[in-house]
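# An overview of the molecular structure
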Amino acid sequence: MHSKGSFMFQSRRPAARAFSVAVYLYRPGDGGLDRVAILLANHLLRRGVPVELWMTHMDGAAVSLIDPGLTLRRVPAPATGRRLSMIGQYPALAAMVRRHRPDILYSAGNQSNMLVALAALGTSTRAVGRISNPIVRPGQGAIAASLRLARFRLIARLCATTIVMGDHDRHLLRPSGADIRLLPRPTVTAAMEEARDARLPRAPGDPVRLLMVGRLAPQKDQATALRALARLRHLDWQLTIAGQGPLDGALRRQCEALGLADHVRFMGYVDDPARLATLMGQADLLLQPSRWEGLCATLIEALACGADVVATDSTPNIRPLLAMAGQHPATPVGDDAAFARAIERALTRPAPAALRARAVRDHGVTRALDHYLHALACVLPGEVAIAAPSPALS
């Protein structure tokens, strides 16, 4: 991993040469959008595409995933909170676009889409946005939802293309007249398939193995799942929670108050993808009680590792996936009674392995990232070269 002071990108592209990409990511954190942005940058590098990773902060939970061969550039920003920091760094990012002249400036997710679109405005650089969380959140009021939708449609019009993860999001943005592309989520790795193949049936008399993976924050709403499990004292279960975040202490206290402490293990953030795949491969059921999501990575990961899932209706994007995988329908957000019923039913009616495998087939990392590569090539005028497939990712 290194930084360069020289100009990597050129302002004019000879015919049929590989185009250049700058991937903007605020920080290599522990979220799904962070991992996808890093995986995309790594993949472009291995496909022979000139690519740089532009970040506000160079530290974070996912920094170890960054390919050492990637060129990194720091985007200066005011020392404030994330949202204000991103607003304040517009002049610096716009200056970097004009100095380094990438053909494409890619935004990691919702919060940076406007920043990236404005930074590329008035230049030959094409902005590419990505919808990483719901355009309209479950339970959002009509006025707030209408204003949020109008803002997202405006941003989509400013971008050369916007990548979405579900038909629902594509339907919401289509009236903008912008170019909207539905792409699979790059999620399933060889380690996940190996974890699936290594699964062993639960021994008679052993407790049911439950798992929650995600940041311990209000969006993920682990509290609803804990309340649901308090309704299932008649079942023998053990829950592992993998994640870190501001609600760690509150969730531990909730376990104590509900009398669940002996059944719940907090193991913190798991930064090793292979270890996380092993955890999922050992689980009977993944619990996903989020309040909102784009298309939840952990849900796809768990299915790929051979586990069933119970999820809240955090986004309409997951409904087709759950149905295809033979899973229980999504339950209402925040409804612990419905979530408890879904857990019990899922444990008594596990889905056939073939359905789980079919549902996640298109979300393999290499296949999905090649879809991203072709989508990026399509936003540029004229003929561009796409490097031959590399065996580096499989």
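Attention shifts here to the environment of Arg-275. Here Arg-275 lies in helix α10 (residues 273-282). Using a relative accessible area of 45% as the deciding quantity, one classes Arg-275 as partly exposed. The sequence separation of Arg-275 and Met-192 amounts to 83 residues, and the corresponding C-alpha distance is 9.7 Å. Ignoring any residue separated from it by four or fewer positions in sequence, one finds Arg-275 in contact with Met-267 and Val-270.

Attention shifts here to the nonpolar core. In terms of nonpolar packing, the biggest core is built from 33 residues, with Phe-19, Val-21, Leu-53 and Tyr-106 touching the most fellow members. For this core, the elements supplying multiple residues, two or more each, are β1 (21-25), α1 (32-46), β2 (51-55), β4 (104-107) and α15 (365-378). Contacts of Leu-53, omitting those with residues within four sequence positions, involve Val-23, Leu-25, Ile-38, Ala-41, Ile-66, Leu-70, Thr-71, Leu-72 and Arg-73. Ranked by size, the runner-up nonpolar core spans 32 residues in total, among them Leu-276, Leu-279, Leu-286 and Ile-300.

Taken together, the side chains of Tyr-90, Leu-118 and Leu-121 make up a nonpolar region of the molecular surface, amounting to roughly 240 Å² of accessible area. Summarising the element assignment, Tyr-90 is placed in helix α3 (residues 90-100).

Glancing now at the packing of α1 against α15. To characterise two packed helices, one gives the angle between the axes of the helices and the distance between these axes. Running from N to C, α1 and α15 cross one another at 75 degrees; their axes reach a closest spacing of 10 Å. The orientation of α1 relative to α15 falls into the category roughly perpendicular. Contacts between α1 and α15 pair Val-36, Leu-39, Leu-40, His-43 and Leu-44 from the former with Thr-366, Leu-369, Asp-370, Tyr-372, Leu-373 and Leu-376 from the latter. Looking at side-chain class alone, the contact of α1 with α15 contains 8 nonpolar, 2 polar and 1 charged residues.

Cut-off values and rules
- Residues numbered from 1 in each chain as written.
- Predicted model: local features only at pLDDT ≥ 70, side-chain atom pairs only at ≥ 80, totals over all residues.
- Heavy atoms only, no water.
- Helix = DSSP H or I, 4+ residues; strand = E, 2+ residues; numbered from the N terminus.
- Buried < 20%, exposed > 50% of the residue type's maximum accessible area, 1.4 Å probe, protein only.
- Contact = heavy atoms within 4.5 Å.
- Core = buried A, V, L, I, M, F, W, Y, C linked by side-chain atoms within 4.5 Å.
- Patch = residues over 30% accessible without salt bridge, like charges linked within 9 Å, V, L, I, M, F, W, Y side chains within 5 Å.
- Areas by Shrake-Rupley, 256 points an atom, 1.4 Å probe, with all protein chains shown as cover.
- Salt bridge = Lys/Arg side-chain N within 4 Å of Asp/Glu carboxyl O.
- Axes fitted to C-alpha atoms, helices over the stretch in contact; angles between N-to-C directions.
- Parallel < 35°, antiparallel > 145°, perpendicular 65-115°, else oblique.
- Nonpolar A, V, L, I, M, F, W, Y, C, P; charged D, E, K, R; others polar.

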